[in-house]
Amino acid sequence: MKPKTLVLLAVATGCGLIAMFGVQQVLVGQQVHESVPMVKVLVALEDIDSGVRITSDNTKFKEVPANLLQADSVRTEEQYKNRAAKVPLIAGDVIRKTKLTEPGEYGKSINIPVGMRVISIPVNDTHTISGLLQPKDRVDVLVTFQGRGDRGTKISKTKTLLEYVEVFSCDDVTANGHGEKEKTNGTRAKNVALLVTPEQANYVILALDKGSLSLSWRRRGDDSMANSNTIDEKLMEELQGTVGDIGESVATNETPVESENHEPAPPTTVAQFLDETEAQKVDVMPVAAEKPMWSLTIFKKNVPVVHQVEITEN
């Protein structure tokens, strides 16, 4: 047999074998398709952020082999009606009931733990470490306010208000939000929301009214020195009786602030002097009527104290 004929015969034999294997694969695939039933599951048509409602506009039902079905996959409209995504979903994801909220729960607030509160404070690039601060980071909250020194003069004070507080969001970007990519591309936050207890929220509002707040960034997990659930009662007393801005008067019932030369201001009238003396319960030494006496008034921290000295007959 000629060599050319042998080559043609070999090529024909190879093509036949390939065709035979192809037909077998098609027959096997048909048998598998016929033996495994198909079921409909809900699939995301687009990226869905946490808190966004699940509707027919952003999802659709798609047939998949029953052997690939997850036990908690959404298969009916009733199973996703009036619910939202609990976590971000990517286009093509099979939607599961465990990834959905309870009926009626929508929006970013679903990320707030039960019993906690979120409160926002104004910030700048210094507070956010030039944009490095991100949701889920931990910070200390410091308050700067106008207090009073030992002699009653006004001084600036900075104290730690809260420790190891979780950052809930920077502007509108939360830890579960897709917007975080935009944030890291140079957007500067103007407000930072903190996750706090109801009691802590009240004190943050008080501190904002009495002074200015700053954030101190700290390492995640570095909570060895933190006591984030307690409030410094002494600091709260200072804030409640302090000056909010320079130039304001101190609204307390304590002794008036001394002047710059630290000299007490004497009473302006006799009536005022008598009223202050009675209020301070100054004990006056008994005076014998038949003996002349010198009366000497000494002020101790704006409190008048009257001393009487007998005049000698020299």
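Numbering of residues begins from 1 in every chain and follows the order in which that chain's sequence is written. Side-chain atom pairs in this predicted model are given and counted only at pLDDT of 80 or more, local residue features only at pLDDT of at least 70, and totals for whole chains, interfaces and linings cover all residues. Side-chain measures here rest on the full set of heavy atoms in the structure, leaving out hydrogens and waters.

S.K.: Summarise the overall build of the chain; cite the residues concerned and give the values.
M.R.: A run of H or I in DSSP counts as a helix once it spans at least four residues, and a run of E counts as a strand once it spans at least two, with each numbered from the N terminus. When helices and strands are tallied, the chain shows 5 helices and 10 strands. Residue burial in the chain is summarised as follows: out of 314 residues, 27% are buried. In what follows, residue pairs with any heavy atoms lying within 4.5 Å of each other are defined as contacts. Considering only contacts in the chain between residues 6 or more positions apart, those separated by 24 or more positions represent 67%. Categorising residues by exposure relies on relative accessible area from a 1.4 Å probe, with only protein chains included: less than 20% of the type maximum marks a residue as buried, more than 50% marks it as exposed, and the intermediate range marks it as partly exposed.

S.K.: Can you explain the packing of aromatic side chains? Please cite residues and give values.
M.R.: Pairing of aromatic rings covers Phe, Tyr and the six-membered ring of Trp, with a centre-to-centre limit of 6.5 Å; geometry is then stacked below 30 degrees between planes, edge-to-face above 60, and tilted otherwise. In this structure the tally under the stated criterion is 1 aromatic pair. Judged by centre distance (6.4 Å) and plane angle (50°), the rings of Phe-61 and Tyr-80 are tilted. Note that Phe-61 is positioned in strand β2 (residues 59-65) and Tyr-80 in the loop between β2 and β3 (117-122), a separation of 19 residues in sequence. For Phe-61, a relative accessible area of 33% puts it in the partly exposed group. Overall, Tyr-80 belongs to the buried group, its relative accessible area being 8%.

S.K.: Run through the side chain of Glu-166, naming residues and quoting values.
M.R.: The residue Glu-166 is located in strand β5 (residues 154-170) in this model. Assessed through its relative accessible area of 14%, Glu-166 is described here as buried. Beyond its immediate chain neighbours, meaning those up to four positions away, Glu-166 contacts Lys-136, Asp-137, Arg-138, Ala-193, Leu-194 and Leu-195.

S.K.: Describe the pattern of salt bridges, and please don't skip the residues or the numbers.
M.R.: Once the charged atoms of two side chains with opposite charge are near each other, the side chains can pair. Any Lys or Arg side-chain nitrogen located within 4 Å of an Asp or Glu carboxyl oxygen qualifies as a salt bridge. Considering all chains together, one arrives at 6 salt bridges under this definition. Between Lys-136 and Glu-166 there is a salt bridge whose closest N-O contact spans 3.2 Å. You can see Lys-136 sitting in the loop between β3 and β4 (138-148) and its partner Glu-166 sitting in strand β5, a full 30 residues away along the chain. Arg-138 serves as the salt-bridge partner of Glu-166, at 3.6 Å between the closest nitrogen and oxygen. Separated by 28 residues along the polypeptide, Glu-166 in strand β5 and Arg-138 in strand β4 bring together distant segments of the chain. When salt bridges that share partners are traced, they join Lys-136, Arg-138 and Glu-166 into one network.

S.K.: Can you break down helix α3 (residues 198-210) residue by residue, with the values?
M.R.: Here α3 spans 19 Å end to end across 13 residues, near enough to the 18 Å set by a 1.5 Å rise per residue. Inspection of α3 places Gln-200, Ala-201, Val-204, Leu-206, Ala-207 and Lys-210 among the buried residues, and these make up the whole buried set. What a helix should span is 1.5 Å times the count of its residues minus one.

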